[in-house]
Amino acid sequence: MNANAFWHFLTLQLVKERSKHLSVILISMMIVFLLSSVLFISSSIRYSLEETLKVQPDFVVSRTLGGTAIPTPMAWGDELLEIYGVSQVTPRVYGRYFFEPKGKSFLLVGVDFMEEQSHKNLQALIETTDIKAFFEGKQMFVGQGVKEYLNAHFYKGSYNFLTPKGQFENVKFFKTLPSQTNLISNDMIILPLDLARKILGYDEEEVTDILFNVPNTDEWDMMTDKLSALHYDLHVVNKKEVQRSYANLYNYKGGVFLILFLILLATFSLILYQRYSMVYSSERRHIGLLRALGWSINAVLRYKFTETIVVVSVSYILGVLLAYFYVFVLGAPILREIFLGGKNLHNIVGFLPVLDFSVLSSIFLIYALPFIASVLIPVWKVSVTDPKEAML
Amino acid sequence: MMIKIENLYRTFHHDDNEVPVLKNINLNIKEGECIVLKGVSGSGKTTLLSLIAGLDKPSSGKVLIDGEPISKLPDLFASELRAKKIGMIFQHFNLFEHLTVHENVTIPLIPSGLKMKEIQKKVDRALSLAHISHKKEIQAGRLSGGEQQRTAIARALVADPDIILCDEPTANLDRDNSLLFIESIKELNRLGKTIVIATHDPLFEHLDFKSTIIPMADGKIVSSYDDE
Ligand SMILES: Nc1ncnc2c1ncn2[C@@H]1O[C@H](COP(=O)(O)OP(=O)(O)O)[C@@H](O)[C@H]1O
Ligand SMILES: [Mg+2]
């Protein structure tokens, strides 16, 4: 077969029968779009969580009484330092601060900027900060979401926090937190330890919790036991447990995803079935005719296969591009609500563009293989079993 | 012998029933002959034509085209033989309605391996042979019945086949167009084509050129046909 003549005829048919192909392309594009959007979102979230966990401290120690968290004494930090294998002990003061007038809350985190941090992102933040400039007056780092919220409420350069004692603390915006792993940092405010204490109502020698690292992961379980024995009211959590709770949160989201996915598959099979019967009824005649005009079964199959590949590829590429734009540029309106929940994770969370090629290729397989099969099988059947079709 | 049919049987299977449609057909058609297969609907004419074209396989017996057993060849070779030697014309014209006249006529040559330029040359020649060149850019669906049939003739001629098979070619044409069609057949006959027409149109009973009428009934050739 001369490739030139073959392509000439194929393009001719595609162009002249575009109305027939257009509807198929549009529907398939929507399916690919939905599939890829969902997969883009979930792989982006997974990536963000992994990145978040990577930089988090290995251990968190806090004080609990009767199941309620109460301020942790700073002195515990010194005790921790005595334990062999413990490094980068970091006391931390944080809590939710509720803004007037709308009752929106953000996470206030107090950090000792003079100490080495067990949280790698914080450490990086401090290392890249001009500490001198930061300590000129009361200043804070704000997450992207915080900044947008405050700006929208006309706080351009600073905000007046109200302390539990009824005083105002005016704190200036110093910088916006980098948006990497913004799942966590988006609704965060980072400020010096003393300032956080004042705003959240802690005493001098109190913190919310104490972080530290234990580089040797084999010691983690033993360390947990050891610490629990130290004080009856000491509560200790390690990263593995945090990891597990994240996994649980997104397993639930995964269920929602699964349902969505099943609905998509059901729709898709319906369309495929329709396509199958369409090939059967409307194209029977064409196939029979091509056969009568001297085309071999091979030539007919090759023609239909190429036509289908073109339709499939066009809709796949368009669908994926559209999904990329929708998720990573527009931030996935509507679908975001399903995945992040309206309240669980605050404010605008952009998705970090993560292109997982195994995801892309599985979409292609889930979509393209059944599609191609749904065309080629009837074509093959017609060309083999209905030889006289064109003559009837 | 251009077409040689030997002890040809074709039986269809309906559920458990066997329906014999062609029963022991023997026929020899020489190069340049014009054969009219005449018979009522259901007598097996279409089935016979499709077997000659190698579109269907016989239950037993064989069909030879110019010495080659088309009925026994694998599809790839049977199709090649059909593409080279056989042009077909149908009752329902069977054009691709969204394509132009000219584009319709290229279709048989697409798998031929010819270059687009050569294809165009052959197409133009076929169009003028069928007297439809003036409509070549018109969409096939917009043509009158007669014009559609002439397009179909051009398409059947484009690969310059030795054999033209026609299945009820005038069934959807008015009298004037039917007569025009017969004129075209006469021309093709003069060009030396071997022509087989399956029809029950009485117009074919008195052709003003040499032709042989072969009556068919109930899957058999009725009167004995002297194959010389
Ligand atoms: N694919 C088929 N399956 C079953 N029966 C068929 C098939 N094709 C044709 N027949 C039967 O064979 C007989 C002859 O059909 P056909 O060759 O179309 O006759 P004609 O063209 O002379 O009208 C009819 O009774 C028809 O029902
Ligand atoms: Mg018939």
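Since we're looking at a predicted model, the values are computed, not measured. (Residues numbered from 1 in each chain as written. Chains lettered and ligands numbered in written order. Predicted model: local features only at pLDDT ≥ 70, side-chain atom pairs only at ≥ 80, totals over all residues. Heavy atoms only, no water.)

Trainee: Teacher, can you tell me more about the sheet that holds strand E9 (residues 212-217) of chain B here?
Mentor: Across a sheet, strands are paired by hydrogen bonds formed along the backbone, either parallel or antiparallel in direction. Residue and element names in this part refer to chain B. Judged by pairing direction, the sheet is mixed, and its six strands sit side by side in the order E6-E7-E8-E3-E9-E10 without closing on themselves. Only two strands of the sheet have a single partner each, and these edge strands are strand E6 (86-89) and strand E10 (220-221). In this sheet, strand E8 (residues 194-199) lies alongside strand E7 (residues 163-167) in parallel orientation, the contact comprising five bridges. Pairing of Ile 163 across the sheet is with Thr 194, part of E8. Along the sheet, helix H2 (residues 75-85) makes contact with E6 and E7, crossing E6 at roughly 75 degrees. (Pairing = 2+ DSSP bridges. Helix = DSSP H or I, 4+ residues; strand = E, 2+ residues; numbered from the N terminus. Contact = heavy atoms within 4.5 Å. Axes fitted to C-alpha atoms, helices over the stretch in contact; angles between N-to-C directions.)

Trainee: Sorry, what's going on with the packing of aromatic side chains here?
Mentor: How two aromatic rings sit relative to each other is given by the distance of their centres and the angle of their planes. Residue and element names in this part refer to chain A. Under the criterion given, the structure shown has 25 aromatic pairs over all chains. Ring geometry for Phe 9 and Tyr 303: centres 5.4 Å apart, planes at 40 degrees, overall tilted. Of this pair, Phe 9 sits in helix H1 (residues 3-16) while Tyr 303 sits in helix H11 (residues 297-329), placing them 294 residues apart in sequence. For Phe 9, a relative accessible area of 1% gives the class buried. Centroid distance Phe 59 to Trp 220: 5.5 Å. Interplanar angle 70 degrees. Geometry classified as edge-to-face. Taken together, the residues Phe 59 in strand E1 (residues 59-65) and Trp 220 in helix H9 (residues 220-230) connect sequence positions 161 residues apart. Take Phe 59 and Trp 220: they sit in the same class, and that class is buried. Members of the aromatic cluster, connected to one another through ring pairs, are Phe 113, Phe 134, Phe 135, Phe 141 and Phe 174. When the ring centre of Phe 6 is taken as origin, the NZ or CZ atom of Arg 302, which lies over that ring, is 4.1 Å away. (Phe/Tyr/Trp six-rings, centres within 6.5 Å; stacked < 30°, edge-to-face > 60°. Buried < 20%, exposed > 50% of the residue type's maximum accessible area, 1.4 Å probe, protein only. Lys NZ or Arg CZ within 6 Å of the ring centre and 35° of its normal.)

Trainee: I keep staring at the confidence of the model for chain A and nothing clicks. Help me out?
Mentor: It should be kept in mind that the predicted coordinates are not to be read in detail where pLDDT is low. Residue and element names in this part refer to chain A. Of the residues in chain A, 87% have a pLDDT of 70 or more, and the chain-wide mean is 79. The element-level mean pLDDT for chain A is lowest in helix H7 (residues 182-185), coming to 57, with H11 highest at 90. Across residues 342-348, confidence stays below pLDDT 50; counting only partners more than four residues off in sequence or on other chains, it has 17 contacts. (pLDDT = per-residue confidence, 0-100.)

Trainee: I tried to follow a nonpolar patch on the surface on my own but got confused; where do I start?
Mentor: On the surface, a nonpolar cluster with roughly 290 Å² of combined accessible area is contributed by Phe 325, Val 329 and Leu 330 of chain A. Here Phe 325 of chain A is to be found in helix H11. (Patch = residues over 30% accessible without salt bridge, like charges linked within 9 Å, V, L, I, M, F, W, Y side chains within 5 Å. Areas by Shrake-Rupley, 256 points an atom, 1.4 Å probe, with all protein chains shown as cover. Salt bridge = Lys/Arg side-chain N within 4 Å of Asp/Glu carboxyl O.)

Trainee: Looking at this structure, I do not really get the interface of chain A and chain B. What am I missing?
Mentor: Where interface size is given, it is often the accessible area lost as the parts come together that is meant. Taken together, the contact between chain A and chain B spans 28 residues of the former and 32 residues of the latter. Taken over both partners, the interface formed by chain A and chain B buries close to 2900 Å², and the fraction arising from carbon and sulfur atoms is 66%. Connecting chain A to chain B are two salt bridges. Between Asp 75 of chain B and Arg 291 of chain A there is a salt bridge, with the nearest N and O atoms lying 3.0 Å from each other. Linking chain A to chain B there are eight residue pairs in polar contact (both at pLDDT 80 or more). Contributing elements (two or more residues each) for the side of chain A that touches chain B: H1, helix H10 (239-292) and H11 of chain A. Looking at which element gives the most residues to the side of chain A that touches chain B, the answer is H1 of chain A, with seven residues. (Buried area = accessible area lost by both parts, 1.4 Å probe. Polar contact = N/O pair within 3.5 Å; in protein donor to acceptor, adjacent residues only side chain to side chain.)

Trainee: Hey, could you run me through the environment of Leu 289 of chain A in this one?
Mentor: Residue and element names in this part refer to chain A. Within the element layout of this structure, Leu 289 appears in helix H10. The buried category is assigned to Leu 289, whose relative accessible area is 3%. For the pair formed by Leu 289 and Phe 173, sequence separation is 116 residues and the distance between their alpha carbons is 75 Å.

Trainee: Looking at this structure, I do not really get the sheet that holds strand E5 (residues 68-69) of chain B. What am I missing?
Mentor: Residues and elements named next belong to chain B. Spatial ordering of the open sheet is given by E2-E1-E4-E5, a layout of four strands whose pairing is antiparallel. This sheet does not close on itself; its edge strands, each paired only once, are strand E2 (17-29) and E5. Sheet analysis places strand E1 (residues 3-14) next to E2, joined by nine bridges and oriented antiparallel. Bridge assignment links Ile 3 to a residue of E2, and that residue is Ile 29. The strands touched by helix H1 (residues 45-52) within the sheet are E1, E2 and strand E4 (60-65), with E1 carrying the most contacts at an inclination of about 120 degrees.

Trainee: Looking at this model, I keep getting lost on the pattern of salt bridges. Mind explaining?
Mentor: Two side chains that carry opposite charge are able to pair once their charged atoms sit near each other. All names here are of chain B. Going through the model one piece at a time under the given rule, you end up with 18 salt bridges over all chains. Note that Lys 135 and Glu 147 form a salt bridge whose closest N and O atoms lie 3.2 Å from each other. With a gap of 12 residues between them, Lys 135 in the loop between helix H4 (116-129) and helix H5 (145-157) and Glu 147 in helix H5 connect regions that are remote in the sequence. A relative accessible area of 15% means that Glu 147 is categorised as buried.

Trainee: Could you clarify how one ought to interpret the packing of H11 of chain A against helix H13 (residues 357-385) of chain A in this entry?
Mentor: What describes two packed helices is the angle between their axes and the distance between those same axes. Residue and element names in this part refer to chain A. Following both chains from N to C, one finds H11 and H13 inclined at 155 degrees, their axes separated by 10 Å at the closest point. One finds that H11 runs roughly antiparallel with respect to H13. Here H11 runs over H13; the crossing is right-handed. Residue composition of the contact of H11 with H13, grouped by class: 21 nonpolar, four polar and one charged. (Parallel < 35°, antiparallel > 145°, perpendicular 65-115°, else oblique. Left-handed = near helix turned anticlockwise from the far one by under 90°. Nonpolar A, V, L, I, M, F, W, Y, C, P; charged D, E, K, R; others polar.)

Trainee: How should I be thinking about a negative patch on the surface in this particular structure?
Mentor: Residues and elements named next belong to chain A. A cluster of like negative charges, contributed by Asp 78, Glu 79, Glu 82, Asp 203, Glu 204 and Glu 205, occupies part of the molecular surface. By the secondary structure assignment, Glu 204 is in the loop between helix H8 (193-200) and strand E10 (206-207). A relative accessible area of 65% places Glu 204 in the exposed class. (Lys, Arg positive; Asp, Glu negative; His and termini not counted. Charge placed at Lys NZ, Arg CZ, Asp CG, Glu CD.)

Trainee: Just checking my understanding: could you explain the pairing of E7 of chain B for this structure?
Mentor: Successive side chains on a regular strand alternate, one facing one side of the sheet and the next facing the other. All names here are of chain B. The buried fraction of E7 is high, at five of five residues. Residues of E7 alternate between two faces, with Ile 163, Leu 165 and Asp 167 on one and Ile 164 and Cys 166 on the opposite face, all of them buried. Across four bridges, E6 lies against E7 in parallel orientation. Residue pairing in the sheet places Met 88 in a bridge with Leu 165 of E7. Viewed along the sheet, the connection from E7 through helix H6 (residues 175-190) into E8 turns out right-handed. (Right-handed = clockwise from strand over helix to strand, strands pointing away.)

Trainee: I would appreciate a short explanation of the side chain of Thr 11 of chain B in the present structure.
Mentor: All names here are of chain B. Checked against the element boundaries, Thr 11 lands in strand E1. Classification of Thr 11 by relative accessible area gives buried; the value is 15%. Sequence-distant contacts of Thr 11, that is, excluding residues within four places in its chain, are made with Glu 18, Val 19, Pro 20, Val 21 and Ser 59.

Trainee: How do you make sense of the environment of Thr 217 of chain A when you look at a structure like this?
Mentor: All names here are of chain A. Position of Thr 217 relative to the elements: it lies in the loop between strand E11 (209-213) and H9. By relative accessible area, which is 41% here, Thr 217 ends up partly exposed. The spatial distance from the C-alpha of Thr 217 to the C-alpha of Phe 134 is 35 Å, given a sequence separation of 83 residues.

Trainee: Help me understand the pairing of strand E7 (residues 158-162) of chain A in this model?
Mentor: Across the two faces of E7 of chain A the burial differs, with Tyr 159 and Phe 161 of chain A buried and Ser 158, Asn 160 and Leu 162 of chain A not buried at all. As consecutive antiparallel partners, E7 of chain A and strand E8 (residues 168-176) of chain A are separated by five residues, and within that stretch Gly 166 of chain A has a phi angle of approximately 90 degrees, a positive value.

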